[in-house]
Amino acid sequence: MSSQPSKVALVTGAAQGIGKAIALKLADDGLDVALNDLESKISELESIKTEIEAKGRKSIVLTGDVSSEADVISIFESLVSQLGGVDVLVANAGITFAYPLTELPVSEWDRVFAINTRGVFLCFRNAAKQMIKQGRGGRIIGAASSAGKQGIANLGHYSASKFAVRGLTQAAAQEWGPHKITVNCYAPSTVETPMIDNFITQVGAPRDAFYAGQSKATALGYHGQPEYIASLVSFLASEGSHHITGQTINIDGGKLFD
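Owing to the predicted nature of the structure, the values given are computational and were not obtained by experimental measurement.

A. Molecular detail of the sheet that holds strand β7 (residues 248-251). Pairing within the open sheet is parallel, and its seven strands lie in the order β3-β2-β1-β4-β5-β6-β7. Looking at which strands have only one partner, the edges of the open sheet turn out to be β3 (59-61) and β7. Averaged over all neighbouring strand pairs, the angle between strand axes comes to 15 degrees, with direction disregarded.

B. Inspection of the environment of Thr-102 at higher detail. In this structure, Thr-102 sits in the loop between β4 (88-91) and α4 (106-134). Thr-102 gets classed as exposed once you look at its relative accessible area, which sits at 77%. Put simply, Thr-102 and Ala-114 are twelve residues apart on the chain and 20 Å apart in space, counted from C-alpha to C-alpha.

C. Examining the pattern of salt bridges more closely. Using the criterion set out here, one finds eleven salt bridges in the structure. Close ionic contact of Asp-28 with Lys-55 constitutes a salt bridge, the shortest N to O distance being 2.8 Å. Of this pair, Asp-28 sits in helix α1 (residues 17-28) while Lys-55 is found in the loop between α2 (42-54) and β3, placing the two residues 27 residues apart along the sequence. Using a relative accessible area of 39% as the deciding quantity, one classes Lys-55 as partly exposed. Across the pair Glu-108 and Arg-111 runs a salt bridge, and its minimum N-O distance is 3.0 Å. With Glu-108 and Arg-111 both in helix α4 and three residues apart, this pair spans about one turn of that helix.

D. Fine view of the pairing of strand β2 (residues 32-35). Neither face of β2 is left uncovered, since the one carrying Asp-32 and Ala-34 and the one carrying Val-33 and Leu-35 both have all their residues buried. Sheet analysis places strand β1 (residues 8-11) next to β2, joined by four bridges and oriented parallel. The partner of Leu-10 across the bridge, within β2, is Ala-34. The handedness of the β1 to β2 crossover, carried by α1, is right-handed. Pairing analysis gives three bridges linking β2 to β3, with the strands arranged parallel. From the neighbouring strand, Val-33 faces β3, where its bridge partner is Ser-59. Following the backbone out of β2, through α2 and into the adjacent parallel β3, one traces a crossover that is right-handed.

The rules behind each value
Residues numbered from 1 in each chain as written. Predicted model: local features only at pLDDT ≥ 70, side-chain atom pairs only at ≥ 80, totals over all residues. Heavy atoms only, no water. Pairing = 2+ DSSP bridges. Helix = DSSP H or I, 4+ residues; strand = E, 2+ residues; numbered from the N terminus. Axes fitted to C-alpha atoms, helices over the stretch in contact; angles between N-to-C directions. Buried < 20%, exposed > 50% of the residue type's maximum accessible area, 1.4 Å probe, protein only. Salt bridge = Lys/Arg side-chain N within 4 Å of Asp/Glu carboxyl O. Right-handed = clockwise from strand over helix to strand, strands pointing away.

Here's what the structure looks like:
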C-alpha cells in the first residue's frame, strides 16, 4: 500500500525570526515546506532549506514580494509545480517601524499596507483558490498582532494594517468554510526577533531595558520568542484545529485579554 503524500506548507517572510521558526516547526511536524522572502534574503532561505532537508522533508525556495500580485501568482504556480499543491499557508511576512501619525509620509502608510495587508490578502486568495481546486480543505494562517487588538501610539499605521487583517480573516473564514478551509491569525506582542531589534534601534531604546519593560507588561512576566508562535501555528495547521476558524488568537504572555 502506498503511503499518503506529504502535506505541503508555504511560509512567507521565512528568512528570519517568527517565519523561520514556523518553517522549521512545520518540517518537524512532517510537512514539506516552501520558503518565501525577498530575493535579498536568498542566502538565509537556502540555509533554512538545508536545515529542513536534514529533517527528512522536502523544501524549496520561492523568492518574491508578497505585495506584488504578479509575484504571488508566480510563487503559487511554482509551489504547485514543484511540490504538487498547498495544504497550509502561513502569511507571515510583515514590517513595522515607529512614526507619529502627524509626520508619517503617505508613501510609508501605503508601504505598510502593501506588505502587511495586501500581501496577506494576495496570499490568502491564491492559497484558497488552489485549496478549493484540490478539494481536500486546508489551513490558512496569517500574521496579526496585539497592535491589531489595541492601537499603539506611534504605530497607528501598523495597528491599522493588523486590524485590517483581522477583518479579512473573519470574512475569509465565512467564504471558505464550506470548502473545509479554516482561516485564523496569531496575534503576538513583543517577540525577540531581528525585526523588533531593528525597531529598538530605530527608536533609540536600550535593548535590555526595552525587552524588560515588555516582559513586565505581561501577566506571565516574560516576552515572546519565535518558537512560542511556531507552536501555536503548528496547532492551527494540524487536524486538531478543524473546529477553529475566523479567530485572531492572542499569544502575548497575557498582555491583552479578549
